[in-house]
Amino acid sequence: MPSFRYEMRCEIERGSIRIAGIDEVGRGPLAGPVMAAVAVIDRTLAKRKLLRLIGDSKKLALEDREKAYDAMIGSGAVRFAVGEASVAEIDTINILQATFLAMRRALQAMAEQPDIVLIDGNQVPPELGCRAESIIGGDATSYSIAAASIFAKVTRDRYMLRLAEAFPGYGWHTNRGYGSREHLAALRRLGPTPHHRTSFAPVRDPRGEPVEAD
């Protein structure tokens, strides 16, 4: 279960006041942008009922993610921003650098910049503009990162639902752009769309093994 232990440590050891979590979603799909979210939780306002809803977005059912997303927005205790990098940017600068770009854009979109950001994973994006600390498995252990993971996941899932209506046949409403069996079969049958990542090998040759969505 997540906790505030990392956030509290930053307050004690670094004297940080505004502590944010950052997480991304969409590094693995064959289609759609990569998105990142930044979240800051005011612990003086966050009720236990709200915190019980927040967890690693990959381990939450779709309905639970949506419920947590709406509850965080309605609580007044969580501030967040989302940034993205487009398919064209992914194909141009590669998925890792595009992920870093989405993180920087999310951070720049925050009205009030944090003193430090806690980032899920083992890498800190360059040129973030503030102090940062990476935490492996942070989306399962830090409330701030877990909240960011939910904002990023729900935002991207909703985006892929809209794309699925415009580009039927690829199953994006369920696979969210990941290389599922249905998606690969559609690529063989219909070919790629402008929203496919042409730098990804399965888009060029969709005869490989399927990869299911998170």
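Please refer to the structure placed before this passage.
All figures in this text were calculated on a predicted structure; none of them were measured in a lab.

This paragraph deals with the pairing of strand β4 (residues 116-120). Summarising burial for β4: five of the five residues are buried, a large majority. The side-chain alternation of β4 yields two buried faces, one formed by Ile-116, Leu-118 and Asp-120 and the other by Val-117 and Ile-119. Where strand β1 (residues 19-25) and β4 come together, four bridges link them in parallel fashion. Bridging across to β4, Ile-19 finds its partner in Ile-116. Of the pairings in the sheet, the one linking β4 to strand β5 (residues 131-135) comprises five bridges and is parallel in character. By the bridge assignment for β5, Val-117 is matched with Ala-132.

Right, let's talk about the sheet that holds strand β2 (residues 34-41) for a bit. One open sheet accounts for five strands, arranged β3-β2-β1-β4-β5; its pairing is mixed. In the strand order of this sheet, the two ends are held by β3 (78-85) and β5, each with one partner. Taking each pair of neighbouring strands and ignoring which way they run, the sheet shows an average axis angle of 25°. Two elements, β2 and β3, share eight bridges in a ladder whose sense is antiparallel. Bridging from a neighbouring strand, Val-34 pairs with Ala-85 of β3. Taken strand by strand, helix α7 (residues 143-166) contacts β1, β2, β3, β4 and β5, and its axis lies near 140° from that of β2.

What counts and what doesn't
Residues numbered from 1 in each chain as written. Predicted model: local features only at pLDDT ≥ 70, side-chain atom pairs only at ≥ 80, totals over all residues. Heavy atoms only, no water. Buried < 20%, exposed > 50% of the residue type's maximum accessible area, 1.4 Å probe, protein only. Helix = DSSP H or I, 4+ residues; strand = E, 2+ residues; numbered from the N terminus. Pairing = 2+ DSSP bridges. Axes fitted to C-alpha atoms, helices over the stretch in contact; angles between N-to-C directions. Contact = heavy atoms within 4.5 Å.

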